[in-house]
Amino acid sequence: MATLEYVEVPAAATRLQSRERTSDLRPAMKIATALPHPEKLPRAVYLSPTEPMSPSKSPVFNFSQALLSSAIPLPANASATPRASQGTPKLLSTKDPLSVPITTVNFKRFVSKAGPVFWLQDRLEEIVMWRKGWKYTSVWIAGYAFLCLFSRLALLLPVFLLLGILLARNPSIQRDAPGVLKGARVPPPPPAAVSEWSTDWLSNVQAIQNLMGAFSDIHEFICPAIAYLNYTSPVTPVVLTVVAASAIILIPLIQLIPLRITFLIGGIIPFFLTHPFTRRTLLPLSVQFIRPHLKTARVRLARFIDNDCLQDKHWRSELKEVYLWENERWAGVSGADDSVLTESAWSKNNLRPGERRAWTRGRDGWSGISGDGSGDVSSNLTFSLSPGWIFVETEDWRPDLEGTWISPTETDDNGWVYTNDTWMDPRSTPLEDWKLADGLTRRRRWVRRIYYDPMFAS
C-alpha cells in the first residue's frame, strides 16, 4: 500500500500494517546533525522575522505581560514578538505592540550596540566644552571657519570622513605591534556587540540613564515657553505681533545678509560662551550687572501687556492700585546647610499664633485686621473695595518685583523681602544668623489695578 500524501492523518491515529509485502513505501530519510549547545547562545537572541523568538509559545503563564495588558488597553490581536510590517506600512512608533518581552529584547540589543553613539557624544562635548585644552578645540574652530569660507567643500565631508576611516584602519600604514612579524598582520574583525553585564554594557546603561535625565531637564526648561505660543498666556498676541513685524522687516533685507560671515559668527559664539574664562568670570559678572535691569524690564513688559489689554471703559475711568501682602515663616532644621533653605520649608502654616496673618492689607502685617482676626482680607482671599470701585477684569494679581515699598532694600527675583524673627531688618537675602536661630520670615507685595464705575457706586 502506497503512502497517501493527500490525506491529513490525525495525530492520534494508528497506522494499520498491510499483510502484503510491497516495496512502494518510501524509506524515511536519515539526516545527521550536531547536538545543540545552549551555553554558546547569548542571553538575548533576536531571530529573523520568519522565525521569531515567541514567548507566547511557552506553556508558562507570563504574569508580567498579563498585568501590562490589563493596565493598558492593547489590541486584541497584539503579538508579543517583534514582527515584520505586513500590509499597510506603519509608523516606527507603532510597528510592534507594547509588550514586555519585546521591550526587554530591544532594550538589551540597544544597550549592547549604543556604545559608538555615546562615544561620539563624549567627543563632541570635549570639543565644545574645551575639555582637552585650547589647542584641540582651536583646531576644530579653524576647520569650521575654513568650511564657512569655502562652503562648497562641505559636500566632500562624507568622502573625507570615509577616506580618513579607511586610512586609519589600513594595516599597511599602521605601526607594527611587538611580537608580530612584518607583513603578517591580519585585519581585525568587525567590532561585536558588548556582552551583557560587562563593563562596557554597564557604561552604556549609565549613559542612557544620564541622557534621559538631560532630555527631561531640557523639556522642563522649554515647557514654560510653550505657554507663550499656544494662546494660554496674554503675552501671545504681543509675540505674534513681534514675529510678524520681524518677518516683514527681514524679507527685504535677507539678500543683504552675508551668509558665510553669519554662519561663521553663529558657529563661533557657542565656543566663546563655553570657554572656561567666560563661564567662570564673564558670565557671573554679566549676570550681576544685568540682574537689576532684568527685574525692571520684566515689570515694564508686564505693565505694557496689561495696558494693551485694557478696554475703553478702563481708559475713560480713574485707575488706582491696591496692595496685598503675603507673609510666610521658615520652618527648616536649625543648623542645617544652605540646601535646606528651600521653598518647601516656607509656609503660611508656620506662622505663630498671635502674629500677623498670611494675607494682610498693610505692610506692617496688622493694618486692615481687626482684633478678633476678622477684616477685609480673609483666609480665602476675599478683598473688599469701596463702593463704585471694581477690579480690572483683564488683569490679575502680580508680585511687586521692584520692591519700591521697602526701598532702599531690594527684593529677590520673586519679589520676596526677608526679615528676622520679629519681621524687622529687611534684606534681599536671609542672613546666616537668622537661619541658625530658626527665626526667618519673609513677605512680598502683590499689586492689582482697580477702576471706578459710577454704576456700581449706588
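For clarity, every value in this text was computed on a predicted model and none was experimentally measured.

Visitor: What should I look at first to understand the packing of helix H4 (residues 134–149) against helix H8 (residues 259–273) in this one?
Guide: The relative placement of two packed helices comes down to the angle between their axes together with the axis-to-axis distance. Close contact between H4 and H8 brings their axes to 9 Å; oriented N to C, the two are set at 165°. Here H4 is positioned roughly antiparallel relative to H8, judged by the angle of their axes. The element H4 and its partner H8 pack so that their crossing is right-handed. When H4 is examined against H8, the residues Thr-137, Ile-141, Tyr-144, Ala-145, Cys-148 and Leu-149 are found in contact with a partner set consisting of Arg-260, Phe-263, Leu-264, Gly-267, Ile-268 and Phe-271. The residue inventory of the contact of H4 with H8, partitioned by class, reads nine nonpolar, two polar and one charged.

Visitor: What should I look at first to understand the pairing of strand S7 (residues 441–452) in this one?
Guide: Within a regular beta strand, the side chains point alternately toward one face of the sheet and then the other, so they alternate between its two faces. Across the 12 residues of S7, 11 count as buried, placing the element largely inside the fold. The pairing of strand S1 (residues 319–330) with S7 spans 11 bridges and is antiparallel. Bridging across to S7, Lys-320 finds its partner in Ile-450. Both strand S4 (residues 389–391) and S7 contribute to a ladder of three bridges, which runs antiparallel. Counted as the bridge partner of Ile-390 is Tyr-451 from S7. Two elements, strand S5 (residues 398–399) and S7, share two bridges in a ladder whose sense is antiparallel. For Arg-398, the partnering residue across the bridge sits in S7 and is Val-447. In terms of strand pairing, strand S6 (residues 417–419) meets S7 through three bridges, oriented antiparallel.

Visitor: Just to check I follow, could you spell out the pattern of salt bridges for this structure?
Guide: A pair can form between side chains of opposite charge whenever their charged atoms are brought close. All told, the structure shown has 18 salt bridges when counted by the stated rule. Glu-126 is the partner of Lys-132 in a salt bridge, and the nearest nitrogen-oxygen pair spans 3.7 Å. Exposure remark for Glu-126: the relative accessible area of 17% places this residue in the buried category. The closest approach of N and O atoms between Arg-329 and Asp-421, which form a salt bridge, is 2.6 Å. Here the residue Arg-329 occupies a position in strand S1, and Asp-421 occupies one in the loop between S6 and helix H11 (432–436), the gap between them amounting to 92 residues. A relative accessible area of 3% means that Arg-329 is categorised as buried. By relative accessible area, which is 29% here, Asp-421 ends up partly exposed. Linked by salt bridges that have partners in common, Glu-326, Glu-328, Lys-348, Arg-442 and Arg-444 make up one network.

Visitor: For this particular structure, what's the right way to read the packing of aromatic side chains?
Guide: Summed over all chains, the structure comprises seven aromatic pairs. Geometrically, the ring pair formed by Phe-146 and Phe-150 is tilted, given 4.9 Å between the ring centres and 45° between the ring planes. Note on Phe-146: relative accessible area 44%, which makes it partly exposed. On the basis of an interplanar angle of 65° and a centroid distance of 5.4 Å, the ring pair of Trp-389 and Tyr-452 is categorised as edge-to-face. Here Trp-389 is found in strand S4, whereas its partner Tyr-452 is found in strand S7, with 63 residues between them in sequence. Tyr-452 gets classed as partly exposed once you look at its relative accessible area, which sits at 32%. Within the aromatic cluster, the residues linked to one another by ring pairs are Tyr-323, Trp-325 and Trp-405. Stacked on the ring of Tyr-136, the Lys or Arg Lys-132 has its end atom at 5.2 Å from the ring centre. In this structure, Arg-356 packs its charged tip against the face of Trp-423, placed 4.2 Å from the ring centre.

Visitor: Explain helix H9 (residues 276–309) here, please?
Guide: Structural remark: α-helix, 3.6 residues per turn; residues separated by three or four positions point the same way. The principal kink in H9, of about 40°, is found at Ile-290, preceding the proline Pro-292 by one to four residues. Of the positions making up H9, those classed as buried are Thr-278, Lys-295, Ala-302, Ile-305 and Asp-306. Tucked into the core, H9 has its buried residues touching helix H7 (236–253), H8, S5 and S7.

Basis of the calculations
- Residues numbered from 1 in each chain as written.
- Predicted model: local features only at pLDDT ≥ 70, side-chain atom pairs only at ≥ 80, totals over all residues.
- Heavy atoms only, no water.
- Axes fitted to C-alpha atoms, helices over the stretch in contact; angles between N-to-C directions.
- Helix = DSSP H or I, 4+ residues; strand = E, 2+ residues; numbered from the N terminus.
- Parallel < 35°, antiparallel > 145°, perpendicular 65-115°, else oblique.
- Left-handed = near helix turned anticlockwise from the far one by under 90°.
- Contact = heavy atoms within 4.5 Å.
- Nonpolar A, V, L, I, M, F, W, Y, C, P; charged D, E, K, R; others polar.
- Buried < 20%, exposed > 50% of the residue type's maximum accessible area, 1.4 Å probe, protein only.
- Pairing = 2+ DSSP bridges.
- Salt bridge = Lys/Arg side-chain N within 4 Å of Asp/Glu carboxyl O.
- Phe/Tyr/Trp six-rings, centres within 6.5 Å; stacked < 30°, edge-to-face > 60°.
- Lys NZ or Arg CZ within 6 Å of the ring centre and 35° of its normal.
- Bend = angle between axes of the 7 residues up to and from the residue.

In short, the description is geometric, and any link to function would need to be established separately.
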